[in-house]
Amino acid sequence: MFGERPSGCERGHALRLCCAPLGSLPLHNDVLPNGLGLLLRESHLAAVAEFQIWAKVGSADERAGEAGLAHFHEHMLFKGTEKRGVGEIAGAIEGIGGRINAYTSYDTTVYHATVPAAGLDDAVDVLVDMVRRSRFDPDEIAREIEVVLDEIRRSDDSPHSVCAEALFAAAYQVHPYRAPILGTRESVSRFDREQVQRFFRRWYAPDNLLVVACGDFEAPARAAKLARAFAGAEPA
């Protein structure tokens, strides 16, 4: 689930004839009243869909004492919501034959799922639940701190990662791209629930999110469902 720079921590489907080539299908690009961006592209080549939620926040947006906090949210949003426990988020997607993953870069944190077209409503429900109702249980935060610290240790033992971080530190001596996406051992070890929630409220509001979908669905109907899924979400 979680990898390198950027940090990111399918079943086959029978093809069917498409009524129109992808390039001729309309791109649904809209911004809802609460600021949520929608970017939807129909593709009827196969009974499959890709659903993504982009949070427009990455390591370059972190403030003093927050190094690694954008990446930490990539971990924590998989650790339970108001209606799903630990493990149930991935299980809900994998249970319908799909895949779910996430990654963090300097400027974005992206949560994405590839599912059979019939499971798109499930994917929307799961990912919206993650970005709107994550619990941030203190015990899970403590456990995930250790996971990220181990990830940092592995990065420190990787010549590729050490070289890349040295290059970015030399190339960006003022710009925040100079800092590693994973953060530092010192900053990550000090994360607590209040700090994590404060960051979440600041950046995971609808006016800082972009919903992206491509696949076997009708864009206008999907846009209406997404508007209902984010009903009540207030911009920050």
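Remember, predicted model here, so these are calculated numbers, not experimental data.

Draft legend 1. How the structure looks around the pairing of strand β2 (residues 37-42). Relative to β2, strand β1 (residues 27-31) runs antiparallel, the two being bridged by 5 bridges. Looking across to β2, one finds that D30 is bridged to L38. The turn linking β1 back onto β2 is made up of 5 residues, and G35 within it adopts a positive phi angle of 95°. One ladder, built from 6 bridges, connects β2 with strand β6 (residues 209-215); its direction is parallel. Counted as the bridge partner of E42 is G215 from β6.

Draft legend 2. A look at the side chain of H71. Checked against the element boundaries, H71 lands in helix α1 (residues 69-76). At 3.2 Å, the side chain of H71 and the side chain of H75 are in polar contact.

Draft legend 3. How the structure looks around helix α7 (residues 193-203). When we look at burial in α7, the residues that qualify are Q195, V196, F199, F200, R202 and W203. Buried residues along α7 cover an arc of 165° about the axis, so they all sit on one side. Exposed positions of α7 whose direction lies more than 90 degrees from the buried face are E194 and R201. In this structure, the buried residues of α7 make contact with α1, α3 (120-133), α4 (138-156) and β6.

Definitions and limits used
Residues numbered from 1 in each chain as written. Predicted model: local features only at pLDDT ≥ 70, side-chain atom pairs only at ≥ 80, totals over all residues. Heavy atoms only, no water. Pairing = 2+ DSSP bridges. Helix = DSSP H or I, 4+ residues; strand = E, 2+ residues; numbered from the N terminus. Polar contact = N/O pair within 3.5 Å; in protein donor to acceptor, adjacent residues only side chain to side chain. Buried < 20%, exposed > 50% of the residue type's maximum accessible area, 1.4 Å probe, protein only. Arc of directions from axis to C-beta. Contact = heavy atoms within 4.5 Å.

Just distances and angles here, no functional claims.
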